[in-house]
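So you can see what is in the structure, the chains are spelled out below.
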Amino acid sequence: MSTDGSTHKTGAAASIQRLFRNTGVAVSGALSRRDGQVFLGVFGVAYFLLYLAGLRHLGFGPPAYEISVVSDPLTRAFRQVGPFQWEPVALVVVGPVELLVAPLNMLLGGVLAALVGLNLAVSVVAWRGPAACRLGSGAGVVSGLPGLLSGFACCGPTILLVVGVQASAGLLSLFQWLLPLTVVALLGTLLWVGSRVETVRQVP
Amino acid sequence: MRISRRRFLATVGAGVTLGGAGCVGDDGATAGAGSEPDSSTGTSAASTATDRNDRPEPPTADSRLHLDYETGTLEEHIVSGGVPKDGIPAIDDPTFADTPPDGLAPDDPVFGVVRDGEAKAYPQYILVHHEIVNDTIAGDAVAVTYCPLTGTAQGFERGPVEFGVSGRLVNSNLTMYDRGTDSWWPQMLATAIKGPLTGESLREFRVTWTTWSHWSSVYPETRILTEDTGFSRRYGVDPYGQYNEKRGYYSSTRTLFEPLHGDSRAHPKVVVIGTRTETGALAFDKETLLNQGVLTGRIDDTPYVAIADTDLASGYVYANPESMSVAASDDGYMIDGTAYDADSLPLDRTLSFDAMWFAWAGFYPGSGYVN
């Protein structure tokens, strides 16, 4: 039995290793193509901007030109003001565009945007490939939606006003988990794509 | 390029890369719950805060304000507002100017305070991002507070402590905490429902909800809170809607959180001028008051009269136990053949403030509603 168990563990480890390797192959393959690069860039940037807009860190205001930084930005940057939300340390106004700079949120938004972009790039390249590995090109975008919603959870769950639902303890708890859920969903879809790639390589 | 005037901010060049990213009392010294110190003279000096277990405390009233619920019941209804303690940061180092911020339109709402002849205005569009201003007016340590979800602006003596935003709500209302004892104070109740000071009521003073044009006309020498708050915020953006013209949450029939008690006598967001004493609560429809000038109601068997102040588009509430006749005239308000200004009737004025109806009725289901 121990031999069987060891063999089973070795098999599982090999499968996981193969999954990650194939996902890596899928990502690098997608990014070697022009259409893959375009999808990563366009949708990554679009998601990043939407995420900041959801936080209300990005939007339009009275036209002006201004860059201002709070007095103790390094300390302020780590002050949490909500679930996965941190204190802005600067305000940048360029014409009608206003941007609040919260470094940790920009970093988080960047990671999420990269994951969304990679999902889409790989999905689209795979969709354009052989029939055996055709994937829904919306998979990456759908998995990124919770991250966008989490941005609206600041200053009270005002998004619920739009939806027309009253807040409850359960709903508010859900908001706190939107972002981790996003990361898991995005990584999950990316690995799923990796598993599909393996199919392609085994079927001549 | 307009350079920010923010005192706390280090202005940097456009080419610089960012490196990282709550009786007109005889002496005013011991104002009781529900009574209103003379805000124009500021005679309600805060009492010396006592230390229980060496913790500084906010000064409290001699008697507790009326509650329609037990404090334990209210505590059970505390809910998370979706942000942590101080996630909405109070302004602890406010700065003021003689001229209004660029972002303030004449018809935008401001919260006005006058103490000992010193007038200050706090723009709603700034307080919606902070909810509490720990300030000093005419030498008195005070907190000017605003809850966007219940549409209430109220003032409290704070003594040696500051107030912060707990991140929790009761009946959609801002629940403050004092940074001395960590007691929790729903703003509208002005009474602690959790912590060492449970059951105590804060000392309150009048905050007038009006517009900048009204306030600056009546108090041209007023100073006004600036955007130099110590925080980076997009102050032009109100997460809940707008007041000038009313939109979003401020006009919707919807509430974000279920009220403690539903009441269909009025639209949930209709503005009432409410007053509560040691024995009960009473609300007057603000629009009706401003149109008619005088409204009357009762708390238990005691008559009260509400008077409109057209200069400030606001109102005052007085206890009128003798049921004296009050009539609006071109010269003011007539009592026994003498004309008085709205804020100086020869009656005991009770503290009153604007509130959304759903919030008032939620906290005070036994309250009368006069319209």
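As a convention, each chain's residues are numbered from 1 in the sequence order in which they are written. To label them, take the chains in the order written and letter them from A, then take the ligands in the order written and number them from 1. For a predicted model such as this one, the threshold for reporting local features is a pLDDT of at least 70, and the threshold for listing and counting side-chain atom pairs is 80 or more; totals across whole chains, interfaces and linings nevertheless cover every residue. With hydrogens and water stripped out, all remaining heavy atoms of the structure feed into the side-chain values.

Caption draft 1: Inspection of the overall build of chain A at higher detail. A run of DSSP states H or I qualifies as a helix once it reaches four residues; a run of E qualifies as a strand once it reaches two. Both are numbered from the N-terminal end. If you tally the helices and strands in chain A, you get seven helices and four strands. For chain A, the sequential pattern of α-helices and β-strands runs α-α-β-α-β-β-β-α-α-α-α. Buried residues are those whose accessible area, probed at 1.4 Å on protein chains only, stays under 20% of the maximum for their type, while exposed residues exceed 50% and partly exposed ones sit between those limits. By residue count, 44% of the 204 residues in chain A fall in the buried class. Contacts in chain A between residues at least 24 apart in sequence constitute 69% of all its contacts with a sequence separation of at least 6. The Shrake-Rupley method, run with a 1.4 Å probe sphere, supplies the accessible areas, and residue values consider only the shown protein chains as cover. As displayed, chain A offers around 10,000 Å² of accessible surface, 72% of which is attributable to carbon and sulfur atoms. What makes two residues a contact is simply this: any of their non-hydrogen atoms within 4.5 Å.

Caption draft 2: Inspection of the side chain of B:Asp285 at higher detail. Residue and element names in this part refer to chain B. Here Asp285 is to be found in strand β18 (residues 281-285). Lys246 is the oppositely charged side chain nearest to the buried, salt-bridge-free Asp285, at an N-O distance of 10.0 Å. Whenever a nitrogen or oxygen atom comes within 3.5 Å of another N or O atom, the pair is scored as a polar contact, on the condition that within protein one atom can donate a hydrogen and the other can accept it, and that pairs from neighbouring residues in sequence are kept only if both atoms are in side chains. A polar side-chain atom of Asp285 sits 3.2 Å from the main-chain amide nitrogen of Glu287. Discounting chain neighbours no more than four positions away, the residues touching Asp285 are Val270, Val271, Val272, Leu295, Tyr369, Val370 and Asn371. Counting rule for charge: Lys and Arg are taken as positive, Asp and Glu as negative, and neither His nor the chain ends is counted. We count a salt bridge whenever a side-chain nitrogen from Lys or Arg sits within 4 Å of a carboxyl oxygen from Asp or Glu.

Caption draft 3: Here's a closer look at the environment of B:Val128. All names here are of chain B. Its place among the elements puts Val128 in the loop between α2 (124-127) and β6 (132-137). The exposure class assigned to Val128 is buried, which follows from its relative accessible area of 6%. Between the C-alpha atoms of Val128 and Tyr240, which are 112 residues apart in sequence, the distance is 8.9 Å. Aside from chain neighbours lying at most four places away, what touches Val128 is Tyr146, Pro148, Asp238, Pro239, Tyr240 and Tyr250.

Caption draft 4: Highlighting the sheet that holds strand β9 (residues 163-170) of chain B. Residue and element names in this part refer to chain B. Here four strands make up an open sheet; going across it, the order is β2-β9-β10-β11 and the pairing antiparallel. With one partner strand each, in any of the chains shown, β2 (79-80) and β11 (184-186) form the two edges of the open sheet. Pairing between strands requires that DSSP locate at least two bridges from one strand to the other. Sheet topology places β2 next to β9; two bridges connect them, and they run antiparallel. In the strand pairing of β9, Ser80 is matched with Arg168.

Caption draft 5: Structural view of the domain arrangement of chain B. All names here are of chain B. Looking at chain B, the domain boundaries give domain 1 (71-223) and domain 2 (271-370). Of the residues lining the interface, 27 residues belong to domain 1; the matching set on domain 2 comes to 22 residues. Note on domain 1 versus domain 2: buried area summed over both sides is about 1,800 Å², and carbon and sulfur give 60% of it. Put simply, buried area is how much 1.4 Å-probe accessible surface two parts lose in total, over both of them, once they are put together. For the domain 1 face of the interface with domain 2, the top three residues by lost area are Asn171, Met188 and Arg206, together amounting to 34%. Applying the counting rule to domain 1 against domain 2 returns one salt bridge. When the shortest N-O distance is used, the salt bridge between Arg276 and Glu204 registers 2.9 Å. When residues of the side of domain 1 that touches domain 2 are traced back to their parent elements, those giving at least two are β8 (152-157), β12 (204-205), β13 (208-211) and α3 (212-218). Under the convention adopted here, Pro, Cys and the residues Ala, Val, Leu, Ile, Met, Phe, Trp and Tyr are nonpolar, Asp, Glu, Lys and Arg are charged, and Gly plus all remaining residues are polar. For the side of domain 1 that touches domain 2, a count of residues per class yields 14 nonpolar, eleven polar and two charged. Start and end points for every domain follow an automatic or database-based domain assignment.

Caption draft 6: Fine view of the nonpolar core. For our purposes a nonpolar core is just a set of buried Ala, Val, Leu, Ile, Met, Phe, Trp, Tyr and Cys residues, chained together by side-chain atoms within 4.5 Å. Counting residues in hydrophobic clusters, the biggest one holds 106 residues, and the most contacted among them are B:Tyr122, B:Trp215, B:Ile307 and B:Trp360. Of the residues that make up this core, three or more belong to each of domain 1 (71-223) and domain 2 (271-370) of chain B. If sequence neighbours within four positions are ignored, B:Ile307 has contacts with B:Leu289, B:Gly293, B:Val294, B:Ser314, B:Gly315, B:Tyr316, B:Tyr318, B:Val326, B:Tyr333, B:Ala342 and B:Leu345. One finds A:Ala26, A:Leu58, A:Val70 and A:Leu120 within the second-largest nonpolar core, a separate group that totals 32 residues.

Caption draft 7: Region of the structure containing the UniProt feature "transmembrane region" (unreviewed entry) in chain A. Residues and elements named next belong to chain A. UniProt positions are given in the numbering used here, feature names are shortened, and annotations may be inferred rather than shown by experiment. Mapped onto the present numbering, the UniProt feature "transmembrane region" (unreviewed entry) falls on residues 38-55, 106-127, 139-162 and 174-193. Across residues 38-55, the secondary structure splits into 94% helix and 0% strand, with the terminal C-alpha atoms separated by 26 Å. Here residues 174-193 is 100% helix and 0% strand, with 27 Å between the C-alpha atoms at its ends.

Caption draft 8: Geometry of the pattern of salt bridges. Residue and element names in this part refer to chain B. Overall, the coordinates contain 16 salt bridges over all chains when judged by the stated rule. Taking the shortest distance from any N to any O, the salt bridge between Arg115 and Asp140 comes out at 2.9 Å. Here Arg115 is found in strand β4 (residues 109-115), whereas its partner Asp140 is found in strand β7 (residues 140-147), with 25 residues between them in sequence. Neither Arg115 nor Asp140 differs from the other in exposure class; each is buried. It is possible to trace a salt-bridge network through shared partners that takes in Asp86, Asp92, Glu162 and Arg179.

Caption draft 9: Examining helix α4 (residues 103-127) of chain A more closely. Expected span, for any helix, means 1.5 Å times one less than how many residues it has. For α4(A), which comprises 25 residues, the first-to-last C-alpha distance of 35 Å matches the rise-based estimate of 36 Å (1.5 Å per residue) to within 8%. Among the 25 residues in α4(A), 18 count as buried, and that is most of the element.

Caption draft 10: Broad picture of the pairing of β7(B). All names here are of chain B. Burial analysis of β7 places eight of its eight residues in the buried class, the great majority of the element. Both faces of β7 are covered, namely the face carrying Asp140, Val142, Val144 and Tyr146 and the face carrying Ala141, Ala143, Thr145 and Cys147. Direction of pairing for β6 relative to β7: antiparallel, over a ladder of six bridges. Opposite Asn134, over in β7, you have Ala143 as the bridge partner. Note that β7 and β8 share six bridges and pair antiparallel.

Caption draft 11: Inspection of helix α2 (residues 34-54) of chain A at higher detail. Residue and element names in this part refer to chain A. Taking 1.5 Å as the rise per residue, α2 with 21 residues should run 30 Å; its terminal C-alpha atoms sit 30 Å apart, in good agreement. Within the sequence span of α2, burial applies to Asp35, Gly36, Gly44, Tyr47, Tyr51, Leu52 and Gly54. Directly beyond the C-terminal end of α2, a positive phi value near 65 degrees is found at Arg56.

Caption draft 12: A look at the packing of aromatic side chains. A pair of Phe, Tyr and Trp rings is counted when the ring centres sit within 6.5 Å of each other, with Trp represented by its six-membered ring. The angle between the planes then sorts it: under 30 degrees is stacked, over 60 is edge-to-face, the rest tilted. Scanning all chains against the criterion turns up 14 aromatic pairs over all chains. Clustering of aromatic rings is evident, with ring pairs tying together B:Phe111, B:Tyr146, B:Trp209, B:Tyr240, B:Tyr243, B:Tyr249 and B:Tyr250. Criterion for a charge above a ring: Lys NZ or Arg CZ within 6 Å of the ring centre, and within 35 degrees of the ring normal. Stacked on the ring of B:Phe231, the Lys or Arg A:Arg76 has its end atom at 4.5 Å from the ring centre. Taking NZ or CZ as reference, B:Lys120 lies 3.9 Å from the ring centre of B:Phe96, over its face.

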